[in-house]
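Remarks on the overall topology
Listed here are the chains, written in short residue letters.
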Amino acid sequence: MPVTLPKHFFVRQDESADEDFYLQPRFKTHIDDETIVNLTEYYAEAIPENGAVLDLMSSWISHLPQKQNYRAVSGLGMNSEELEENTVLTERRVQNLNTNPSLPYSNESFDAVLIAVSVQYLIQPLDVFNEIARCLLPDGKCIVSMSHRLFPSKAIYAFHALPPEEKCRLVGSYLNHAGLKNIEFIDRSPIDADPLWIVVGEK
Ligand SMILES: C[S@@+](CC[C@H](N)C(=O)[O-])C[C@H]1O[C@@H](n2cnc3c(N)ncnc32)[C@H](O)[C@@H]1O
């Protein structure tokens, strides 16, 4: 379903090349440990055993449950050193989704596509989510997790300006635009740690 989003939502303080910003690896976590535990638990519930997974905007950590088996885990991000350190990945790609939103994967190849605490950096999200829908298997899930931390200079204006429920609604509109169905907003925030808001939809 087509949506029209205000252009100014996608403006960033730093419009310089993302390649420069992500040149140095960051071997750190971007949400609290308890928040990671909750995200991992959600993945254990939502991603089928032996599924093929795509971790978009990936780094050295994918938060996937260790006890679960996956047929393949592809990772796409900006920094090759971070991706090399991510031992759960079976395939790695470096690609700037803001200059090339086309995903280098076949139609209907993944049971789940994940974007963890990174959707705020996409300036052409509708193109990326159309591509996610193309790459998902029928009934496959797109799982977008968000929290309140961000790299301020690289996050789009909307993620500075909107309250949490409106950010979830905005991301829900990305999934809706891509034709995904059964879109849900799930709050898995721990009590005393970074919040965890999840938007999920199915092909
Ligand atoms: C806050 S980190 C989160 C990393 C990881 N998903 C996690 O949960 O720890 C943001 C990630 O978004 C990725 N990223 C940022 N801008 C990107 C772009 N233009 N294209 C592709 N990936 C991008 C970076 O490679 C970085 O790993």
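Please refer to the structure placed before this passage.
To start, this report covers the structure provided alongside it. (Residues numbered from 1 in each chain as written. Predicted model: local features only at pLDDT ≥ 70, side-chain atom pairs only at ≥ 80, totals over all residues.)

A separate point is the overall build of the protein. Of the regular secondary structure elements, the protein holds 6 helices and 7 strands. Each helix and strand of the protein, ordered N terminal to C terminal, gives the series α-α-β-β-α-β-β-α-β-α-α-β-β. A compact globule built from 203 residues should have a C-alpha radius of gyration of about 17 Å, and the protein, at 16 Å, falls within 12% of that. Referenced to the eigenvectors of the C-alpha coordinate spread, the extents of the protein come out at roughly 40 × 40 × 40 Å. By sequence separation, contacts in the protein at least 24 residues apart represent 67% of the contacts at least 6 residues apart. (Helix = DSSP H or I, 4+ residues; strand = E, 2+ residues; numbered from the N terminus. Rg over C-alpha atoms; globule rule 2.2 N^0.38 Å. Contact = placed C-beta atoms within 7 Å.)

To continue, consider the nonpolar core. Judged by nonpolar contacts, the single largest core of 49 residues is most densely connected at Val113, Leu114, Ile132, Cys142 and Val171. Sorting the residues of this core by element identifies α2 (33-46), β1 (52-56), β2 (72-77), β4 (110-116), α4 (125-135), β5 (136-146), α6 (164-177) and β7 (197-202) as the ones contributing at least two each. Sort the elements by how many residues they give to this core and β4 lands first, with 6 residues. Non-local contacts of valine 113, meaning those with residues more than four positions away in its chain, are made with Leu54, Leu56, Ile132, Cys135, Leu136 and Cys142. (Core = buried A, V, L, I, M, F, W, Y, C linked by C-beta atoms within 7 Å. Buried ≥ 20, exposed ≤ 12 C-beta atoms within 10 Å, placed from the backbone.)

An ideal rise of 1.5 Å per residue puts 20 Å on 14 residues; α6 measures up with 20 Å between its terminal C-alpha atoms. Within α6, the full set of buried residues consists of Cys168, Leu170, Val171, Tyr174 and Leu175. Projected down its long axis, α6 shows its buried positions confined to an angular sector of 160°, all on one face. Facing away from the buried side of α6 by over 90 degrees, the exposed positions are Glu165 and Glu166. If you follow the buried residues of α6, they end up packed against α4, β5, α5 (157-161), β6 (181-187) and β7. Glycine 179, located one to two residues past α6, shows a positive phi value of around 85°. (Expected span 1.5 Å × (residues − 1). Arc of directions from axis to C-beta.)

Located in the positive-phi region is methionine 57, a residue other than glycine, with phi close to 60°. Looking at where methionine 57 falls in the secondary structure, it is placed in the loop between β1 and β2. One non-glycine residue, aspartate 139, adopts positive backbone phi at about 75°. Residue position: aspartate 139 is located in strand β5. A residue is classified by how many C-beta atoms lie within 10 Å of it, and aspartate 139, with 11 of them, is exposed.

Moving on, we get to the sheet that holds β1. Reading across from one edge, β3-β2-β1-β4-β5-β7-β6 is the order of the 7 strands in this open sheet, with mixed pairing throughout. The open sheet has two edge strands with one neighbour each: β3 (91-94) and β6. Neighbouring strand axes in the sheet, compared pairwise and without regard to direction, differ in orientation by 15° on average. Bridge count between β2 and β3: 4 bridges; the pairing is parallel. Note on β3: the bridge partner recorded for leucine 76 is arginine 93. (Pairing = 2+ DSSP bridges. Axes fitted to C-alpha atoms, helices over the stretch in contact; angles between N-to-C directions.)

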